[in-house]
Amino acid sequence: MGNKQTIFTQAQLDAYQDCTFFTRKEILRLFDRYRDLAPQLVPLDYTDKPAVTLPYELIGSMPELKDNPFRQRIAEVFSENGDGNMTLDDFLDMFSVLSEMAPRDLKAYYAFKIYDFNNDDYICKSDLEKTVNKLTRNELTPEEVNLVCDKVIYEADVDNDGKLSLEDFQHMIIRAPDFLSTFHIRI
Amino acid sequence: KDKEEDESKEEDTCSQQNRAPGKKNYQSSDEKKAEEEGGQQRGKKAPTKEQKESENKERKTNKKGKEGENKQKQDRKNSTTSASSNSSDEESLSEEELEMLMEEVEQKKKLISTMRNKPWRMVKKLSVLREAQAFVEKFEGALGKGKGKKLYAYKMMMAKKWVKFKRDFDNFKTQCIPWEMKIKEVESHFGSSVASYFIFLRWMYGMNLVLFGLIFGLVIIPEVLMGMPYGSMPRKTVPRAEQATAMDFSVLWDFEGYIKYSALFYGYYNNQRTIGWLKYRLPMAYFMVGISVFGYSLMVVIRSMARNANESTADGDDDNFIFSWKMFTSWDYLIGNPETADNKFASITTSFKESIVDEQESNKDENIHLRRFLRVLANVLIICCLCGSGYLIYFVVKRSQTFSKMQNVGWYERNEVEIVMSLLGMFCPPLFETIAALENYHPRIGLKWQLGRIFALFLGNLYTFLLALMDDVNEKLAEEDAVKNITHWTLLGHYNSSVENSSIATPPPLDPADVPRGPCWETTVGIEFVRLTVSDILVTFITILVGDFIRACFVRFVNYCWCWDLEAGFPSYAEFDISGNVLGLVFNQGMIWMGSFYAPGLVGINVLRLLTSMYFQCWAVMSSNVPHERVFKASKSNNFYMGLLLLILFLSLLPVAYTIMSLPPSFDCGPFSGKKRMYEVIQETIELDFPLFVAKIFSYVANPGLIIPAILLMVLAIYYLNAVSEAYQRANAELKKKMQMQREEEKNKRNNKASTNPMLEDLEDLLTPSTKSESQPKQAEDKKTESSNRSSPVGKRGKAAAPGGSPMTGGRGAAFTPPPHMFVTQPPTLGVRAPYPGQPRPRGYPLGPVPGRGRGQPFY
């Protein structure tokens, strides 16, 4: 293909293609998207791996994310130190996991982390409440929220410890018919 | 150097043990190490436990992950030792080690190819990848020894090239997929359900493109290039009577005149066995292409259905995880538009509320008789509608046949069939929807019913149309016999007369336009289908233009001066009708399949239609539709659409197969003219172009004595496979039940434990007050004695320190008096309050039995 680009070296591009589900064109497109967020911060030459980090405010304002109730969690989960600020690597990681090609297990793993608000490796009731409130914009009454959370735990908690572990979550989500089609961002 | 060798050997044995299936614990410990390392790499914050869990899961699900872990660890070891050692002691590697190394390299490669599936940070992935690649690079060359070396190196090089080629090809392929951005835009505005329609449309376009290539490349182009030119023979010439008006637009619009005698239709093709210098066997090609259009479509549809079915694993018991799925999969991450997001929030809220209500009153049955009655009534009404529409179409088609015999009929009479069919297609679905409101089904079930009914309507219409067409064809066949004689006699007469007139010169040939000709029913059928398709396209586009665009404009602009709010109130904006559009597409495709045998150009028209409707509908949806309030699920319905498509494909195969097998082709038009049946072209080819034994084999194979057993065998195979799959299903259900039971059991156990726990607590509560009551006075006494004891120089410090054995419990009080020697060592600043002897008693409640006992010790 004719168009020469100097943003990445060929080796870098190959490595990125090995580590993500993207093709060369998509990686370059993602880089463009990343750079568009802050053209003055991101250099056009990534061959020497500059340590550029974009703040969450910029990441969260992407049209793909800005209406997502879980955008903050997504950014936090995929960022290096959990504060939502992202390097290009994190950025690629995020969209790779959310791409169409990513396998179910990988998606389930990250979905679990996204819904685990307090990072305690379990989705406990407070996490569920947060999820419901984010999904419905606080329009359910506390009793209803409570009922829903109880039902979820009742349904999905296989080992009966009152919270969902990763196994519980995967067991449940793998059977969900819509998971793959909805946990997916086209870029 | 020896030492290094030893090390590497050790490492090899270690890795061998790793791989030995028996030594599980070895593995797991190694894995843990690796994980911990991984965890460290990820940053201290990432909890290793979680990762371990995920890794465990991975180990269960795919073994590759495990291998990856193992290797990763080995890799790390290697990177320390191998750097210097392996390059030097290549020579001393034994066979065994070589094998080991080979295996390792293989595993590394596997790791490289599955790197993207690992839930690691990009930094880690990159570094592991680099290490693995370096490893492979290093040892690949060392592996081949002696004579095998070159071959191995060559193989490796080819493999590398192949990988690169595949990657480039994939890159190329993704670049070739059209409309990705367009669909993405729609998707972010309307959610995945509307986008699924466009993806379906794109898929359809791809399939039609292949069909188009097949038909154009193998039938139309050869005939146009190598066949006899236009005007050289009767079937390729407009008859004299029509020539005056053959170029008029109104005639062309009806696909008469020049279009009727063009390569777009069956009648144009010549029955010459071979054409051109290539000796291209056109009739044969025509027949084979006609069959392979169906074959290819069947294959593609079934393959994509199978892939869809594979992707959606285990959709069986829907009732187990209603709330969980609602919670975790209802948000569509594709949504990128505030309005859609608002709708989605609202719909999620309602769906939660609905399921809560369902949950609360799952078994309420108010007046089931009335509902049953209403449902039966609704079905009766709908069946009446279906019958009525079927009869209407039959009536209209019959009438159109009488019209076609009359001269100079009006525009309406000529297009009556298409108009009526389009009107029915337009007005019946809303009517059904109104009737369905009687039934009061759950919306998802209601939608299925609705789809089924519209499907039945379309299908009924199509088949009535076909039946009427069949009548027409039979009439034409009867007519043909008469014409055949006339033609025969005319030609004979012409030649006879010319022979009489001038016996020397060859007679001037009769002008092809003057030869009387038969009605050519194949072309008639083709024309009917093309007309139907075109009118369908027009109706679709006009409906979109009027129903969506004009309405949107009206609502948008008249809203400024209207009595009520048009946007929120009655007309509002239109929603995108996914199911209707998909059904329309499916039926259109059915017509294409049916008609393409008689009108090879039909596929070209359809390709154009799909192309324009992609752009047009994308524009219409973005400009004048609003997102759904009630979002139709996309993922599972995909296979539903495919199922409909398959059904339509089968149903459209039937009439075509019938005409091929049992109707005689016209005597003077089309590639099969002069034969008794169309399929005879195959027998002819086999007899004339293949050696004799092939014909013999063919005649044996075509023998009913062989075909019937073959069919029987297939039926038996189907039966057997069906039985096997049923058995699997049963086993699956059994396992599921078992799991459920186990879960229940565990839950019960847990509940029992939970219920015993409070009892134990009660017991403890019963026990503790006695100890408390015992210990507390003692404490008080202790304090007193202590404080009195410590009126020494240390005493002050002791007093200060006493309550704050630890700062946390400082508030709860001085009850926590540490053992005596602590007083001295405790820094005095910790204490906040002075130890009032009386204070501990009222605050003694959190005192567990342990400190009580501890306190009690000095007393005993």
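Model, not experiment: these values are computed from the prediction.

So, how was this worked out
Residues numbered from 1 in each chain as written. Chains lettered and ligands numbered in written order. Predicted model: local features only at pLDDT ≥ 70, side-chain atom pairs only at ≥ 80, totals over all residues. Heavy atoms only, no water. Helix = DSSP H or I, 4+ residues; strand = E, 2+ residues; numbered from the N terminus. Buried < 20%, exposed > 50% of the residue type's maximum accessible area, 1.4 Å probe, protein only. Contact = heavy atoms within 4.5 Å. Disulfide = S-S within 2.5 Å. UniProt positions renumbered as here; feature names shortened; annotations may be inferred. Axes fitted to C-alpha atoms, helices over the stretch in contact; angles between N-to-C directions. Left-handed = near helix turned anticlockwise from the far one by under 90°. Nonpolar A, V, L, I, M, F, W, Y, C, P; charged D, E, K, R; others polar. Salt bridge = Lys/Arg side-chain N within 4 Å of Asp/Glu carboxyl O. pLDDT = per-residue confidence, 0-100. Buried area = accessible area lost by both parts, 1.4 Å probe. Polar contact = N/O pair within 3.5 Å; in protein donor to acceptor, adjacent residues only side chain to side chain. Patch = residues over 30% accessible without salt bridge, like charges linked within 9 Å, V, L, I, M, F, W, Y side chains within 5 Å. Areas by Shrake-Rupley, 256 points an atom, 1.4 Å probe, with all protein chains shown as cover.

So, the overall build of chain B: which residues are in play, and what are the values?
Regarding its fold elements, chain B presents 27 helices and 2 strands. Within chain B, the proportion of its 860 residues that are buried is 42%. Pairs at least 24 residues apart make up 76% of the contacts formed inside chain B by residues separated by at least 6 positions.

Got a sec to walk through the state of the cysteines? Specific residues and values, please.
Residues and elements named next belong to chain B. One pass over the full model with this rule turns up 1 disulfide over all chains. Here Cys-520 pairs with Cys-669 through a disulfide, and the sulfurs are 1.9 Å apart. Between Cys-520 and Cys-669, the S-S torsion sits near 95°, and that sign places the bridge as right-handed. Here Cys-520 is found in the loop between α17 (443–501) and α18 (521–558), whereas its partner Cys-669 is found in the loop between α21 (637–662) and α22 (680–689), with 149 residues between them in sequence. For the pair Cys-520 and Cys-669, one class covers both residues: buried.

For the UniProt feature "domain: EF-hand" (unreviewed entry) in chain A, give the residues involved together with the corresponding values.
In the numbering adopted here, UniProt assigns the feature "domain: EF-hand" (unreviewed entry) to residues 103–138 and 144–179 of chain A. Counted over residues 144–179 of chain A, helix gives 61% and strand 0%. Its end C-alpha atoms are 24 Å apart.

Explain the packing of helix α7 (residues 125–136) of chain A against helix α12 (residues 322–329) of chain B to me, using residue names and the numbers behind them.
Geometry of a packed helix pair, given as the angle between the helix axes and the separation of the axes. At their nearest, the axes of α7 of chain A and α12 of chain B sit 9 Å apart, and the two run at 65° to each other. α12 of chain B is crossed by α7 of chain A, and the crossing has left-handed handedness. Across the interface between the two elements, Leu-128, Thr-131, Val-132 and Leu-135 of chain A from α7 of chain A touch Lys-326, Met-327 and Phe-328 of chain B from α12 of chain B. Among the residues forming the contact of α7 of chain A with α12 of chain B, the class breakdown is 5 nonpolar, 1 polar and 1 charged.

Go over the pattern of salt bridges, please, and point to the residues and values.
Counted under the stated rule, the structure contains 16 salt bridges over all chains. Residues Lys-66 of chain A and Asp-67 of chain A are paired through a salt bridge, measuring 3.5 Å at the closest nitrogen-oxygen approach. Since its relative accessible area comes to 35%, Lys-66 of chain A is described here as partly exposed. Judged by its relative accessible area of 13%, Asp-67 of chain A falls in the buried class. Taking the shortest distance from any N to any O, the salt bridge between Asp-536 of chain B and Arg-609 of chain B comes out at 3.3 Å. Note that Asp-536 of chain B is positioned in helix α18 and Arg-609 of chain B in helix α20 (residues 602–624), a separation of 73 residues in sequence. The class for Asp-536 of chain B is partly exposed, based on a relative accessible area of 22%. Here the residues in one salt-bridge network are Arg-273, Arg-281, Lys-675, Glu-684 and Asp-689 of chain B, joined through shared partners.

How would you summarise the UniProt feature "transmembrane region" (unreviewed entry) in chain B if you had to cite specific residues and measurements?
Residue and element names in this part refer to chain B. UniProt marks residues 209–230, 284–302, 376–397, 417–438, 450–470, 597–619, 640–661 and 697–721 with the feature "transmembrane region" (unreviewed entry), using the numbering shown here. Taken end to end, residues 376–397 is 100% helix and 0% strand, and its two terminal C-alpha atoms sit 32 Å from one another. Helix makes up 78% of residues 597–619 and strand 0%, with an end-to-end C-alpha separation of 33 Å.

Account for the confidence of the model for chain B, with residues named and values stated.
Residues and elements named next belong to chain B. Within chain B, residue pLDDT values average 73, and 69% of them lie at 70 or more. Per-residue pLDDT, averaged within each element of chain B, yields its smallest value for helix α27 (residues 849–859) (41) and its largest for α20 (92). Note that pLDDT drops below 50 for residues 1–91; the model gives that stretch 116 contacts with residues more than four away or on any other chain. Overall, residues 770–860 carries pLDDT values under 50, and its contacts beyond four positions in sequence, including any with other chains, amount to 75 contacts.

Tell me about the interface of chain A and chain B, residues and numbers included.
Contacts between the two partners involve 89 residues from chain A and, on the opposite side, 78 residues from chain B. Across the chain A to chain B interface the summed buried area is about 7700 Å²; carbon plus sulfur atoms make up 55%. At the boundary of chain A with chain B, the tally comes to 1 salt bridge. Between the two partners, chain A and chain B, sit 10 residue pairs in polar contact (both at pLDDT 80 or more).

Before we move on, could you go through helix α5 (residues 88–97) of chain A and cite the residues and values that matter?
Along α5 of chain A, 10 of the 10 residues are buried, which leaves the element largely enclosed by surrounding structure. Listing the buried residues of α5 of chain A in full gives Leu-88, Asp-89, Asp-90, Phe-91, Leu-92, Asp-93, Met-94, Phe-95, Ser-96 and Val-97 of chain A.

Describe a nonpolar patch on the surface, and please don't skip the residues or the numbers.
All names here are of chain B. A cluster of nonpolar side chains, contributed by Phe-249, Trp-253, Trp-411, Tyr-412, Leu-538, Ile-542, Leu-545, Val-546, Ile-550 and Trp-619, occupies part of the molecular surface with about 1000 Å² of accessible area. Every element with two or more residues in the nonpolar patch is listed here: α9 (249–253), α15 (411–414) and α18. For the nonpolar patch, the element with the most residues is α18, which contributes 5 residues.

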